[in-house]
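The primary structure of each chain is shown beneath.
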Amino acid sequence: MNKTLALIKREIKTKVFTKGFLIGTVLGPIFMIGIMFGPAFFMSLTETKPVNLLIVDKTDDLAAHLPSAFNDTLTNGQPRFVLTIIDSLTYAAQRPRFLQQLERKQLKAVVVIPADAMRGGTLIYMGKSISDMEFIQTIRDRINQVLNRQKLLHAGINPELIERLSTRLTIKTIKIEKGEAREKQLGQEWVTAFVFLMILYMTSLLYGNATMRGVLEEKTSRIVEVLLSSTSAFQLMMGKVFGVGMVGLIQYLIWVGMALGVFAFAAASHPHLLQYISISPVVLLYFIIFFLLGYFQISTLFAAVGAMSSSQEDAQSLSTPITILVVIPFIISFTVVRDPATPWSQILSFVPFFTPMLMFLRVTLMMPPWYEIWGAIGINLAAIFAGTWVSAKIYRVGILMYGKRPTLPEMIRWLRYK
Amino acid sequence: MALLKVDRISKFYDHYRAVDQVSFHIEPGRMFGLLGPNGAGKTTTMRMIMNIIIPDEGRIEIFGSQFREEHKNRIGYLPEERGLYPKMKVIDHLQFLGEMKGLTAHRARQGALKWLERFELESWAHKKVQELSKGMQQKVQFIGTILHDPDLIIMDEPFAGLDPINTKLLKDILLELKQSGKTIILSTHLMDQAEKLCEEICLINQGAVVLQGSLAEIKQRYSHNAVQLEYNGDARFIASLPMVERVNDYGNYMEIRLHDQAAPRDLFRAIARSGLEVTRFEAMETSLNDIFIEMVGGGNGDE
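What you see is a predicted model, and the numbers here were worked out from it, not measured in a lab.

**Some remarks on the domain arrangement of chain A**
Stage number 1. One can read the domain layout of chain A as domain 1 (2-41 + 186-416) and domain 2 (49-170).
Stage number 2. Just the C-alpha atoms count here: the centres of domain 1 of chain A and domain 2 of chain A sit 53 Å apart.

**Regarding the sheet that holds strand β3 (residues 31-35) of chain B**
Residue and element names in this part refer to chain B.
Stage number 1. With respect to topology, six strands assemble into an open sheet ordered β6-β7-β8-β3-β9-β10, the strand pairing being mixed. Lying at the two open borders of the sheet, with one neighbouring strand each, are β6 (75-78) and β10 (208-214). Averaged over all pairs of adjacent strands, the angle between strand axes in this sheet comes to 10°, irrespective of strand direction.
Stage number 2. Judged from the six bridges that link them, strand β9 (residues 200-205) and β10 form a sheet pairing that is antiparallel. Bridge pairing links Ile204 to Val209 in β10.
Stage number 3. Sitting on the sheet, helix α5 (residues 164-179) touches β3, β7 (152-156) and β8 (183-188), and the angle it makes with β8 is about 145°.

**Some details on the sheet that holds strand β12 (residues 244-249) of chain B**
Residues and elements named next belong to chain B.
Stage number 1. Pairing is antiparallel in the open sheet, where four strands are placed in the order β12-β13-β11-β14. Looking at the sheet topology across the chains shown, the edges are occupied by β12 and β14 (277-284). Across the sheet, the mean angle separating the axes of adjacent strands is 20° when strand polarity is ignored.
Stage number 2. Strand direction decides the pairing type here: strand β11 (residues 225-232) and β14, joined by seven bridges, are antiparallel. Bridging from a neighbouring strand, Glu230 pairs with Arg280 of β14.

**Considerations on helix α12 (residues 320-338) of chain A**
Stage number 1. The end-to-end C-alpha distance of α12(A), which contains 19 residues, comes to 28 Å, matching closely the 27 Å that a straight helix rising 1.5 Å per residue would cover.
Stage number 2. For α12(A), the full list of buried residues reads Ile322(A), Val326(A), Pro329(A), Phe330(A), Ile332(A), Ser333(A) and Val336(A).

**What to know about the interface of chain B and chain A**
Stage number 1. Across the boundary between the two partners, chain B contributes 33 residues, which contact 25 residues of chain A.
Stage number 2. When residues of chain B are sorted by the area they lose upon contact with chain A, Ile52(B), Tyr85(B) and Met100(B) head the list and together hold 26% of the total.
Stage number 3. Counting the contacts that link chain B with chain A gives three salt bridges.
Stage number 4. In this structure, the salt-bridge partner of Glu225(A) is Arg47(B), at a minimum N-O distance of 2.8 Å.

**Some points on unusual backbone geometry**
All names here are of chain B.
Stage number 1. Phi at Glu120 is positive, roughly 55°, even though this residue is not glycine.
Stage number 2. Residue position: Glu120 is located in the loop between α3 (105-118) and α4 (134-146).
Stage number 3. Judged by relative accessible area, which is 67%, Glu120 ranks as exposed.
Stage number 4. In this structure, Glu157 is a non-glycine residue whose phi angle is positive, near 50°.
Stage number 5. Turning to its location among the elements, Glu157 is positioned in the loop between β7 and α5.

**Observations concerning the side chain of His189(B)**
Residue and element names in this part refer to chain B.
Stage number 1. Tracing the chain through its elements places His189 in the loop between β8 and α6 (191-197).
Stage number 2. On the accessibility criterion, His189 (11% relative accessible area) is buried.
Stage number 3. For His189, the side chain forms a polar contact with the side chain of Glu157, separated by 2.8 Å.

**Focus on the confidence of the model for chain A**
Caution is warranted with low-pLDDT regions, since their predicted coordinates should not be read in detail.
Stage number 1. Chain-level statistics for chain A give a pLDDT mean of 82 and a share of 87% at 70 or above.
Stage number 2. Taken as a whole, residues 178-186 of chain A scores under 50 in pLDDT and shows 17 contacts with residues more than four places along the chain or in a different chain.

**Structural notes on the packing of helix α1 (residues 2-16) of chain A against helix α9 (residues 233-269) of chain A**
Residue and element names in this part refer to chain A.
Stage number 1. Closest axis-to-axis distance for the α1/α9 pair is 8 Å, and the angle between their directions is 40°. On the basis of the axis angle, α1 is oblique to α9. When you trace α1 past α9, the crossing you get is right-handed. Facing α1, whose interface residues are Lys3, Thr4, Leu7, Ile8, Arg10, Glu11, Ile12, Lys15 and Val16, α9 presents Gln235, Leu236, Gly239, Lys240, Phe242, Gly243, Val244, Met246, Val247 and Ile250.

**Observations regarding the domain arrangement of chain B**
Where the parts come together, the accessible area they lose is often given as the size of the interface.
Stage number 1. Here chain B is partitioned into domain 1 (4-63 + 151-219) and domain 2 (224-284).
Stage number 2. Using only C-alpha atoms to locate each centre, domain 1 of chain B and domain 2 of chain B end up separated by 35 Å.

**Thoughts on the side chain of Asp92(B)**
Stage number 1. Within the element layout of this structure, Asp92(B) appears in helix α2 (residues 90-100).
Stage number 2. With relative accessibility at 18%, the residue Asp92(B) sits in the buried group.
Stage number 3. Apart from the residues lying within four places of it in its own chain, the contact partners of Asp92(B) are Lys13(A) and Arg109(B).

**A closer look at the packing of aromatic side chains**
Stage number 1. Tallying each qualifying case throughout the model produces 24 aromatic pairs over all chains.
Stage number 2. Relative to Phe32(B), the ring of Phe24(B) has its centre 5.0 Å away and its plane inclined at 25°; by these criteria the two rings are stacked. Comparing Phe24(B) with Phe32(B) shows no difference in burial state: the two are buried.
Stage number 3. Joined through ring pairs, the aromatic side chains of Phe196(A), Tyr207(A), Tyr252(A), Trp255(A), Tyr286(A), Phe287(A), Phe290(A), Phe291(A), Phe360(A) and Trp374(A) make up one cluster.
Stage number 4. Across the ring face of Tyr85(B), the terminal group of Arg10(A) is positioned such that the distance to the ring centre comes to 3.5 Å.
Stage number 5. The positively charged end of Lys108(A) is found above the aromatic ring belonging to Phe135(A), 4.6 Å away from the centroid.

**Describing a positive patch on the surface**
Stage number 1. A contiguous patch of positive charge on the surface is contributed by Lys19(A), Lys87(B), Lys89(B) and Lys128(B).
Stage number 2. Within the element layout of this structure, Lys128(B) appears in the loop between α3 and α4.

**Considerations on the pairing of strand β3 (residues 109-113) of chain A**
Residues and elements named next belong to chain A.
Stage number 1. By the criterion of burial, β3 is predominantly enclosed, with five of the five residues buried.
Stage number 2. Residues of β3 alternate between two faces, with Ala109, Val111 and Ile113 on one and Val110 and Val112 on the opposite face, all of them buried.
Stage number 3. Note: strand β1 (residues 51-57) against β3, five bridges, orientation parallel. Looking across to β3, one finds that Val56 is bridged to Val112.
Stage number 4. Examined bridge by bridge, β3 and strand β4 (residues 124-127) share four bridges and lie antiparallel to one another.

**Notes on the state of the cysteines**
All names here are of chain B.
Stage number 1. Overall, the coordinates contain zero disulfides over all chains when judged by the stated rule.
Stage number 2. Free of any disulfide, Cys198 has its nearest neighbouring cysteine sulfur in Cys202, separated by 11 Å.
Stage number 3. Residue class for Cys198 comes out buried when judged on its relative accessible area of 6%.

**As for the pattern of salt bridges**
Opposite charge on two side chains makes pairing possible when the charged atoms of those side chains draw close.
All names here are of chain B.
Stage number 1. Scanning all chains against the criterion turns up 27 salt bridges over all chains.
Stage number 2. In this structure, the salt-bridge partner of Glu61 is Arg59, at a minimum N-O distance of 2.9 Å.
Stage number 3. Look at Glu61 and you get partly exposed, because its relative accessible area is 27%.
Stage number 4. Close ionic contact of Lys182 with Asp149 constitutes a salt bridge, the shortest N to O distance being 3.0 Å. One end of the pair, Lys182, is in the loop between α5 and β8; the other, Asp149, is in the loop between α4 and β7, and 33 residues separate them in sequence.
Stage number 5. For Lys182, a relative accessible area of 10% puts it in the buried group.

Reading the values: rules and limits
Residues numbered from 1 in each chain as written. Chains lettered and ligands numbered in written order. Predicted model: local features only at pLDDT ≥ 70, side-chain atom pairs only at ≥ 80, totals over all residues. Heavy atoms only, no water. Domains from an automatic or database assignment. Pairing = 2+ DSSP bridges. Helix = DSSP H or I, 4+ residues; strand = E, 2+ residues; numbered from the N terminus. Axes fitted to C-alpha atoms, helices over the stretch in contact; angles between N-to-C directions. Contact = heavy atoms within 4.5 Å. Expected span 1.5 Å × (residues − 1). Buried < 20%, exposed > 50% of the residue type's maximum accessible area, 1.4 Å probe, protein only. Buried area = accessible area lost by both parts, 1.4 Å probe. Salt bridge = Lys/Arg side-chain N within 4 Å of Asp/Glu carboxyl O. Polar contact = N/O pair within 3.5 Å; in protein donor to acceptor, adjacent residues only side chain to side chain. pLDDT = per-residue confidence, 0-100. Parallel < 35°, antiparallel > 145°, perpendicular 65-115°, else oblique. Left-handed = near helix turned anticlockwise from the far one by under 90°. Phe/Tyr/Trp six-rings, centres within 6.5 Å; stacked < 30°, edge-to-face > 60°. Lys NZ or Arg CZ within 6 Å of the ring centre and 35° of its normal. Patch = residues over 30% accessible without salt bridge, like charges linked within 9 Å, V, L, I, M, F, W, Y side chains within 5 Å. Areas by Shrake-Rupley, 256 points an atom, 1.4 Å probe, with all protein chains shown as cover. Lys, Arg positive; Asp, Glu negative; His and termini not counted. Charge placed at Lys NZ, Arg CZ, Asp CG, Glu CD. Disulfide = S-S within 2.5 Å.

So this is what it looks like as structure tokens:
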């Protein structure tokens with residue numbers, strides 16, 4: 001036991017107190033935040049400026065009603081659309097000028113409503129870019145909305161009635177938890193689940209690979225036999241797994257500290273952000289449990305791969321199947337987010353390697369009964385013991401074998417070695 | 001009572017016998033040579049003694065009982081394939097190795113400093129291992145093996161890659177350790193080293209013991225009529241003399257094995273008659289190297 005501690009101590013001493021660790025720990029989250037929020041950030045950047053639209057109304061009937069359909073505002077209070085509505089004559093006279101404005105991006109788009117719009121017909125959308133389908137759809141929907149009102153009006157329906165019939169819906173989502181209705185915005189659940197999922201995924205791969213590299217380093221530097229003269233192969237492997245795990249944990253504690261700092265700062269300046277981060281302590285507890293399950297499942301296998309390999313290239317190709325064991329649950333979890341109640345996502349959440357991510361998702365999104373959660377944890381613990389046993393056997397033999405990469409039948413024979 | 005008893009151990013890899021029914025025992029305080037050509041099974045045998053690999057057959061008794069993990073704290077093992085963490089500082093590394101043998105951090109550090117001084121490496125204590133020369137790294141490795149004051153020291157090819165000065169230093173320290181009552185197992189394929197250091201040997205070839213016992217006894221048993229000759233000129237005729245069994249000719253130095261019934265003086269007369277210029281003529285006992293070559297077959301022993 002003391003020797004495992006000595007191994008862990010060495011791991012921390014040589015890994016944590018390095019420039020690489022510091023840089024990785026500080027730049028890592030910046031990079032991750034960049035990936036997660038970068039696209040949204042850039043999207044919000046493009047939205048903060050009002051859009052200039054030129055609408056040509058060939059029906060001569062809609063001009064008065066269009067502005068009310070385009071009256072939404074941006075987050076900074078400015079109107080989202082700045083409309084210029086002209087008739088077909090003006091358009092015909094000044095068409096080259098408008099096209100030039102499009103060219104110079106003074107106008108985002110020119111939309112032509114045809115004279116026969118009331119009876120169908122085709123809207124024409126002209127723009128420098130026509131790839132923003134979402135924006136084009138919005139324009140079409142808004143104009144349709146105005147058209148429909150006009151059609152109803154022309155059909156002789158009371159304007160007051162139209163007003164009552166065509167109120168637009170806003171959406172508000174409500175989640176049922178323990179029989180209580182709790183109002184939450186859709187984004188909030190998703191953000192929590194996604195952040196945790198991302199952490200599970202990244203660490204399994206990051207620290208799993210670190211374990212593998214560590215084992216391989218000890219093998220290729222030939223220090224492993226010196227260590228084996230002091231401790232058993234099993235202790236050596238577990239020392240590496242725990243040691244790298246502890247380094248990871250230290251990194252996490254630093255990150256949690258950073259996050260709390262940033263959060264405190266953000267909460268002080270933008271109180272409305274608070275609603276996105278409401279994590280119940282129960283979810284946090286389960287996160288830690290599933291994090292540990294996931295790490296131990298993966299890292300003992302990575303340790304065995306490190307022991308089997310004689311070079312980085314070997315290790316890279318031998319570890320691919322294990323990487324896949326992490327990637328697949330991660331991909332599947334995106335469909336589980338959409339509907340955590342389907343039978344197959346329930347079944348998969350009991351399968352080792354899938355449990356840490358999928359069961360954790362179910363816990364955050366719909367909290368399954370306790371016996372399901374602990375049943376899955378039990379199954380996974382059994383799998384960890386079995387996996388560690390196999391890994392230790394392979395590690396023991398592999399760590400002293402140099403040269404050619406072992407084949408699968410060879411590995412199976414290793415399991416039988418005394 | 002034997003400190004180490006190896007009783008008919010074997011190890012198979014698939015259908016290949018790496019070690020085959022090897023037995024020997026070592027009394028406390030002895031210097032024991034485990035000899036054999038490359039690939040004879042020396043390393044596998046030592047790994048089995050260290051419980052790094054488990055024998056398929058046979059048993060090993062050490063310190064009067066079956067192997068237990070805590071026995072590792074009483075053994076210092078220098079494997080043939082040795083290495084250090086290149087990025088660790090020498091003193092930190094030695095402390096770690098000491099802790100892995102059950103020493104406290106403090107005692108390991110104190111001991112390491114003492115030994116570094118002895119090996120004239122104290123100014124390198126706070127340098128990274130990778131900044132040291134190969135020879136210095138060897139010395140650090142050696143300190144790591146004996147730092148915890150083990151009762152049994154096992155060294156696999158300890159002199160490989162050492163210059164003459166460091167070879168002498170290592171040899172002196174090994175003799176000191178032996179005088180202080182430690183038991184030492186040396187594995188080597190260099191027979192002159194074994195001959196000078198070991199009291200007992202076990203020679204293995206292709207996994208099996210071919211010869212074992214005390215060195216003096218073995219040399220007596222295998223003593224032949226042998227002569228060392230230093231000369232100038234053409235001495236090829238000696239090989240065809242009737243009393244000569246075989247020769248090992250180095251150009252101006254020759255080892256000559258005589259037939260059992262012949263005496264060195266017969267050879268001396270024959271050479272004198274030939275008029276060859278002789279600078280030294282010495283009747284001698286057989287060297288361990290000769291025995292090795294005879295037992296294992298020529299050409300296998302040198303590298």
